[in-house]
Amino acid sequence: MPVHRSGLPRIRALATAGAVLLAVLSLPRTAVSAESAPSAPPRGSAHMGMGVLAHDGRAGLPTARSAQTEGVDVSSHQGDVAWTTLWNSGVRWAYAKATEGTYYTNPYHSQQYDGSYDVGMIRGAYHFGTPDTASGAAQADYFVSRGGGWSADGRTLPGVLDIEWNPYGDACYGKSQSAMVSWIRDFLDQYRYRTGRAAVLYTATSWWKQCTGDYAGFAATTPLWIARYASTAGELPAGWSAYTMWQYTSTGPTVGDHDRFNGTLDRVRALALG
């Protein structure tokens, strides 16, 4: 009597499928996920508010206020800026990115920083902080030595620490809330030591809550520049009852990033003088 073998082809097929599955599972994780992982922008390309739309969205524009003074902030993304056009549109103050981390200097900084001054604006410089690459003190030194200083000429604003979402990786740069607060304190303390001025702090409330635990300890001595693209500045980080500056849009004319100083031009000059 012949042996019945009708189940053998099915067994062989299952064995083959199992071998293929095991082979796939044994591949290195990077080989499987490399194509699907989004690529980070190049180091040095960060600028004020680049994470605001993605995290906080946009909800209208503010109404006109006579007690506020229009400003702009620029980086290498804008290249050579048409400062005369901005002046004629009513812009009276400007900040230009100077540095990032301890590895990048804005190649357009001179045209932007000096150009705004030459048309009559009150100007300043900002630093994009990257707490995962170097200490706060080291980055403050790098900033001051490469365009982020201050002079008591009445036309130069104190430097700004731009601290917000990490465009290159983890939103909080891999730091705990307490470690982030310590890093920011090191930057602010070193900037004051080098220049004699308190730096301005630029951030968004949602990031501040997430990455510092809504720390309130800087508010007494540090002017706040809040980022929120809406009809009002909204909730401020803990400790601050008012903002000094407000970045309210990334889609303004001539230069996208437009800001309002919370006061008349005389108050802008007062901040510059210290």
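None of the values given here were measured: they were computed from a predicted structure. (Residues numbered from 1 in each chain as written. Predicted model: local features only at pLDDT ≥ 70, side-chain atom pairs only at ≥ 80, totals over all residues. Heavy atoms only, no water.)

S.K.: Could you give me a rundown of unusual backbone geometry, with the residues and numbers involved?
M.R.: The phi dihedral of Tyr173 falls on the positive side, at around 60°, and the residue is not glycine. On the secondary structure map, Tyr173 appears in the loop between β6 (160-162) and α7 (177-195). The buried category is assigned to Tyr173, whose relative accessible area is 5%. Even without being a glycine, Thr254 presents a positive backbone phi close to 65°. When you line up the elements, Thr254 lands in the loop between β10 (245-249) and β11 (258-261). (Helix = DSSP H or I, 4+ residues; strand = E, 2+ residues; numbered from the N terminus. Buried < 20%, exposed > 50% of the residue type's maximum accessible area, 1.4 Å probe, protein only.)

S.K.: Go over helix α6 (residues 136-144), please, and point to the residues and values.
M.R.: Within α6, the full set of buried residues consists of Gly136, Gln139, Ala140, Tyr142, Phe143 and Val144. Along its buried surface, α6 packs onto β3 (93-100), β4 (104-105), β5 (122-128), β6 and α7. (Contact = heavy atoms within 4.5 Å.)

S.K.: Go over the state of the cysteines, please, and point to the residues and values.
M.R.: Applying the stated rule across the entire model yields one disulfide. Two residues share a disulfide in this structure: Cys172 and Cys211, whose sulfurs sit 1.9 Å from each other. Between Cys172 and Cys211, the disulfide has an S-S torsion of -75° and is therefore left-handed. One end of the pair, Cys172, is in the loop between β6 and α7; the other, Cys211, is in helix α8 (residues 205-212), and 39 residues separate them in sequence. Each member of the pair Cys172 and Cys211 is classed as buried. (Disulfide = S-S within 2.5 Å.)

S.K.: Let's hear about the pairing of β3: which residues, and what values?
M.R.: The element β3 is largely enclosed, with a buried count of eight among its eight residues. Bridge analysis of strand β2 (residues 69-74) against β3 gives four bridges, and the strand direction is parallel. Looking across to β3, one finds that Val72 is bridged to Ala94. As paired strands, β3 and β5 are joined by seven bridges and run parallel to one another. When the sheet's bridge partners are listed, Ala94 is paired in β5 with Arg123. (Pairing = 2+ DSSP bridges.)

S.K.: Now, about the nonpolar core: what can you tell me, with residues and values included?
M.R.: Grouped together as the largest cluster of nonpolar side chains are 53 residues, with contacts concentrated most on Trp93, Tyr95, Ile163, Ile184 and Trp225. Ranked by the residues each element gives to this core, the list is headed by α7, at seven residues. Grouped together as the second largest cluster of nonpolar side chains are ten residues, Val72, Trp83, Ala96 and Met121 included. (Core = buried A, V, L, I, M, F, W, Y, C linked by side-chain atoms within 4.5 Å.)

S.K.: Report on the packing of aromatic side chains, specifying residues and quantitative values.
M.R.: In total, this model carries 14 aromatic pairs according to the counting rule given. Taken together, a centroid distance of 6.0 Å and an interplanar angle of 75° make the contact between Trp208 and Trp240 edge-to-face. Linking Trp208 in helix α8 with Trp240 in the loop between β9 (229-230) and β10, this pair joins segments that are 32 residues apart in sequence. Each member of the pair Trp208 and Trp240 is classed as buried. By way of ring pairs, the aromatic residues Trp93, Tyr95, Tyr202, Trp225 and Phe261 are connected into one cluster. For Arg123, the ring lying beneath its charged end belongs to Tyr113, and the centroid distance is 3.8 Å. Above the ring of Tyr117, the side-chain terminus of Arg155 is found at 3.9 Å from the ring centroid. (Phe/Tyr/Trp six-rings, centres within 6.5 Å; stacked < 30°, edge-to-face > 60°. Lys NZ or Arg CZ within 6 Å of the ring centre and 35° of its normal.)

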